[in-house]
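Chain by chain, the residues:
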Amino acid sequence: MAACSVEALLAKAEQEEAEKLKSISVQKELDLEFDIGNLLACDKNRIDLREFREQKKEDFLRSLARDNTQLLINEIWKQPTERVQEAIVVKLPDPATPLPREKPPPKAKPPTKWEQFAKLKGIQKKKKTNLVWDETAKEWKRRWGYKRAKDDTKEWLIEVPETADPNEDQFAKRVKAKTERVAKNEYNRLKNIARAQKGKVPVMGLATSTQQSKEELSLAVSVAKTSTASAGRFQDRLPKEKAPKNMGKKRKFEPLIGDFSNERHKQLELLKLMDGKKPKLDITKAVNKQMREEDREEAAAKYKKRAGKKGRKGGNMSGKGKGKGGKGGKGKGGKAGGGGGGGGGKRRGKPGKH
Amino acid sequence: GKQGNIGEREMNRRSKRFLESRAPKLIEDVKTAMIMKGGNTSQTVTQALKDIVSSNITRPFEDSTSLEFFSKKTDSSLFLFGSHNKKRDHMPNDVCVTVSFVLFAGRLFDFHVLDMIELGIEKYVSLSDVKASKCPEGTKPMLVFAGEAFDTDNEHKRLKSLLLDFFRGPTVSAVRLAGLEHVLHFTALDGKIYMRSYRSLLKKSGCRTPRIELEEIGPSCDLVLRRTHLASDDLYKLAHRQPKALKAKKKKNISHDAFGTKFGRVHMQKQDLSKLRTRKMKGLRKRKGNVVAEEQDGQAPKVAKEAEHTE
């Protein structure tokens, strides 16, 4: 008796289960392919055209859609769930269908000059705070940018350092230093880009890689030769290549206490020159030179007036000053000069159109 | 790099952010689509376009200048172009004019056209025509593709991939169960592709998984696949190339056997097996006072040892 009832119970339980599952089970010849990450289901089963034409189209499509959606939902419900705030959420796996990208994947950039150096020395990037405490204003201010903590452009008083010329404009000096720094930075940035793109960085003055003249090529050769650890002193030469002149010291000075007769001779010559009636200075030559300089200055001033608003800069440089300024620019901030030249060069292009 | 054109420089954080958003990325954002109208489009086509891609549109353009230019401007990689085609068939006694609405759907890779498919719209039912409560905008739809063609025919396969790109929405790690409302069903049958949009109602079923009932919402259209301009296999493969960084790193030294037991290898230094002690021999352990006591009293330690042994 007991056995019968147990069997009956089990049968009844099975039937109930089947009933429950009937509502969500769908019979299909081929199983569907699922990509849960994309909430996608693909039904590859053949669709009976006759059935489709017999029934009302929309009803047929709708029942097909219902079956497929049921299978998709069944699959989604198999995924793990969790509770987020008030809603129950199902965790989706990664999308499985490969889809084409929008853009090609980013290429690894070669490291910049600084990055290479930092890697070599083991320098880590230190994350700096956005705000700095400003004592004078007694509040937190930005480290850089608008209304920054230590803004030296806003200073109304600059002490003239003891070593400086009292007539020098310290404010202008600051502004000039800033523009030089900006130009240098820009130049270095462009160099980094050039290095990243081509892998070759042109040296100042040897930028062109297209048709080079004999002089440019020989200059390039001499620069390459001297760019060694011993400044080219032990470089081998080609069989017919001539020995380079102007090696070593550029000026030779007599020793202090040496040849007495030579020294005496030199001093007497000097006295003779000073006594003589003939002027050392060739006046015509000097006047011509001065006139040429003045003409050049005028032309430059006219040109600058046409090109830019800052014509004052050209005017400041007198004949002798130009030589000094030019040399100083080249020596000290060769890069800044180059950057400034590059920037000026860019500007110069525009008036050429007129 | 930081620049699009060589020498272009971002002046502040805002421009840098803009350039970075346009640059190629490891993991890409969701694709945006641009919808465009041809010269003589009618209201129907415009409506169709707006309905189909309601959540993804950037801006509809009026003229059909370079597709790629617009793609660069709006940073979109999908496009939908609708137009009106008037065909004049000259019959012996008659001149028929057939007007068809044509949709060009396509995608771009690196601002060049990858795939472009021309679809003729045979029947169109817009959102406003169907009277039913709509799904909220922005829900990630469930997508179903039915029909053998989507698996066997090359052009249909590409179309399936394209439609998937268009409609799938952003990739999310989890989705609200109650929010699985929108279903888009594509059926490839009889030379046509039937697109239907349903709202799914989750009914009680007696077990955990609900029973689905569908309610048709708009829009719906019957499409005919016409001309296609598909990418070559090489270009298609190139577009799928993923950066190495995204490849899942396989954990080494883990293996499983048939039963699911996890195995790993432990590497030991060389051991002197002669000095290995496998069993504990308490008696062999050296004790501090042992040596001295043995000389004094021979008996006592022995006794102590024995006592220990029996313990």
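Each residue is numbered by its place in its chain's sequence as written, counting from 1. The lettering of chains begins at A and the numbering of ligands begins at 1, in the order of writing. The model is predicted, so local features are restricted to residues of pLDDT at least 70 and side-chain atom pairs to those at 80 or more, both for listing and for counting; the totals for chains, interfaces and linings are taken over all residues. Side-chain figures throughout are based on the complete set of non-hydrogen atoms in the structure, without hydrogens or water.

### Considering the packing of aromatic side chains
Both the distance between ring centres and the angle between the ring planes are used here to describe each pair of aromatic rings.
All names here are of chain B.
Piece 1. Note on aromatic pairs: the rings of Phe, Tyr and Trp (six-membered ring only in Trp) are paired at centre separations within 6.5 Å, and the planes decide the class, stacked below 30 degrees, edge-to-face beyond 60, tilted for the rest. Scanning all chains against the criterion turns up 10 aromatic pairs over all chains.
Piece 2. Following the ring pairs from residue to residue traces out a cluster consisting of Phe 145, Phe 150, Phe 166, Phe 167 and Phe 186.
Piece 3. Definition used: whenever NZ (Lys) or CZ (Arg) falls within 6 Å of the ring centre and also within 35 degrees of the ring normal, the charge is taken to sit over that ring. Positioned above the aromatic ring of Tyr 236 is the side chain of Arg 158, whose terminal nitrogen or guanidinium carbon lies 3.7 Å from the ring centre.
Piece 4. Between Lys 160 and the ring centre of Phe 145, over which it is positioned, the NZ or CZ distance is 5.9 Å.

### Some details on the confidence of the model for chain A
Piece 1. Values of pLDDT, the confidence the predictor places in each residue, fall between 0 and 100. Residues of chain A with pLDDT of at least 70 account for 81%, and the chain-wide mean is 81.
Piece 2. Whether two residues are in contact is decided by their heavy atoms: any pair within 4.5 Å suffices. Here residues 314–354 of chain A is modelled with pLDDT under 50, and outside its nearest four sequence neighbours on either side it reaches 20 contacts, counting other chains as well.

### Overview of the side chain of Arg 101 of chain A
Piece 1. Elements are defined by DSSP. Helices are runs of H or I of four residues or more, strands are runs of E of two residues or more, and each kind is numbered from the N terminus. When you line up the elements, Arg 101 of chain A lands in the loop between strand E4 (87–91) and helix H4 (113–121).
Piece 2. From its side chain, Arg 101 of chain A meets the backbone oxygen of Lys 103 of chain A in a polar contact 3.0 Å long.
Piece 3. If near-sequence neighbours (up to four positions away) are discounted, Arg 101 of chain A is found in contact with Pro 106 of chain A together with Lys 25, Leu 26, Glu 28, Lys 31, Leu 108, Phe 109, Ala 239, Arg 241, Gln 242 and Pro 243 of chain B. Any pair of N or O atoms that falls within 3.5 Å is considered a polar contact. Within protein, one atom must be able to donate a hydrogen and the other to accept it, and sequence-neighbouring residues count only if both atoms are side-chain atoms.

### Section: the interface of chain B and chain A
Piece 1. Facing the 73 residues of chain B at the interface are 58 residues of chain A.
Piece 2. Each partner contributes to the roughly 6,100 Å² buried at the junction of chain B and chain A, and carbon and sulfur atoms together form 61% of this total.
Piece 3. Accessible area that two parts lose when put together, with a 1.4 Å probe and added across both, is what the buried area reports. Three residues stand out in chain B for area buried against chain A, namely Arg 9, Leu 177 and Leu 189 of chain B, and they jointly supply 10% of the buried area on that side.
Piece 4. Inspection of the chain B/chain A interface yields 30 residue pairs in polar contact (both at pLDDT 80 or more).
Piece 5. Residue polarity is assigned by list, with Asp, Glu, Lys and Arg as charged and Ala, Val, Leu, Ile, Met, Phe, Trp, Tyr, Cys and Pro as nonpolar; anything else, Gly included, falls into the polar class. Its residues assigned to classes, the side of chain B that touches chain A shows 32 nonpolar, 17 polar and 24 charged.

### Regarding the nonpolar core
Piece 1. By nonpolar core is meant a set of buried Ala, Val, Leu, Ile, Met, Phe, Trp, Tyr and Cys residues that side-chain atoms within 4.5 Å join together. Note on classification: 1.4 Å probe, protein chains only; a residue is buried when its accessible area is under 20% of the maximum for its type, exposed when over 50%, partly exposed between these limits. In terms of nonpolar packing, the biggest core is built from 31 residues, with Leu 119, Leu 143, Phe 145, Leu 159, Phe 166, Phe 167 and Phe 186 of chain B touching the most fellow members.
Piece 2. Here the element with the most residues in this core is helix H5 (residues 154–167) of chain B; it accounts for six residues.
Piece 3. Look past the residues within four positions of Phe 145 of chain B in its chain and what remains in contact with it is Leu 40, Ala 41, Cys 42 and Asp 43 of chain A together with Phe 150, Lys 160, Leu 163, Leu 164 and Phe 186 of chain B.
Piece 4. In this structure, Ile 36 and Trp 77 of chain A together with Leu 177 and Leu 180 of chain B belong to the second largest nonpolar core, which totals 30 residues.

### Considerations on unusual backbone geometry
Piece 1. Residue Gln 85 of chain A is not a glycine yet carries a positive backbone phi of 55°.
Piece 2. Gln 85 of chain A sits in the exposed class, given a relative accessible area of 75%.
Piece 3. The backbone of Asp 190 of chain B sits at a positive phi, close to 60°, despite the residue not being glycine.
Piece 4. Position of Asp 190 of chain B among the secondary structure elements: in the loop between strand E7 (182–189) and strand E8 (192–203).
Piece 5. A relative accessible area of 41% means that Asp 190 of chain B is categorised as partly exposed.

### Here we look at the side chain of Glu 181 of chain B
Residues and elements named next belong to chain B.
Piece 1. Checked against the element boundaries, Glu 181 lands in the loop between strand E6 (174–176) and E7.
Piece 2. A distance of 3.1 Å separates a polar atom in the side chain of Glu 181 from a polar atom in the side chain of Arg 199.
Piece 3. With residues near it in sequence (within four places) discarded, Glu 181 still touches Cys 135, Pro 136, Thr 139, Tyr 198, Arg 199 and Ser 200.

### Notes on a nonpolar patch on the surface
Piece 1. Without a salt bridge and with relative accessible area above 30%, a residue can belong to a patch; like charges are then joined within 9 Å and nonpolar side chains (Val, Leu, Ile, Met, Phe, Trp, Tyr) within 5 Å. Surface accessibility in these figures is a Shrake-Rupley result with a 1.4 Å probe; residues are shielded only by whichever protein chains are displayed. Here, a salt bridge means any side-chain nitrogen of Lys or Arg that lies within 4 Å of a carboxyl oxygen of Asp or Glu. A contiguous nonpolar patch, built from Leu 268, Leu 270, Leu 271 and Met 274 of chain A and spanning about 430 Å² of accessible area, is present on the exposed surface.
Piece 2. Summarising the element assignment, Leu 270 of chain A is placed in helix H7 (residues 260–275).

### A short note on the sheet that holds strand E3 (residues 81–84) of chain A
Piece 1. With respect to topology, three strands assemble into an open sheet ordered E3(A)-E4(A)-E6(B), the strand pairing being antiparallel. Looking at the sheet topology across the chains shown, the edges are occupied by E3 of chain A together with E6 of chain B. Each strand axis lies, on average, 35° off the axis of its neighbour in the sheet, ignoring direction.
Piece 2. Strand pairing is defined by DSSP finding a minimum of two bridges between the two strands. Two elements, E4 of chain A and E6 of chain B, share three bridges in a ladder whose sense is antiparallel. Following the sheet pairing, Val 89 of chain A is matched in E6 of chain B by Arg 176 of chain B. Every axis corresponds to a line fitted to the C-alpha atoms, with the helix fit spanning only the stretch in contact, and the corresponding angles, defined between N-to-C directions, vary from 0 to 180 degrees.

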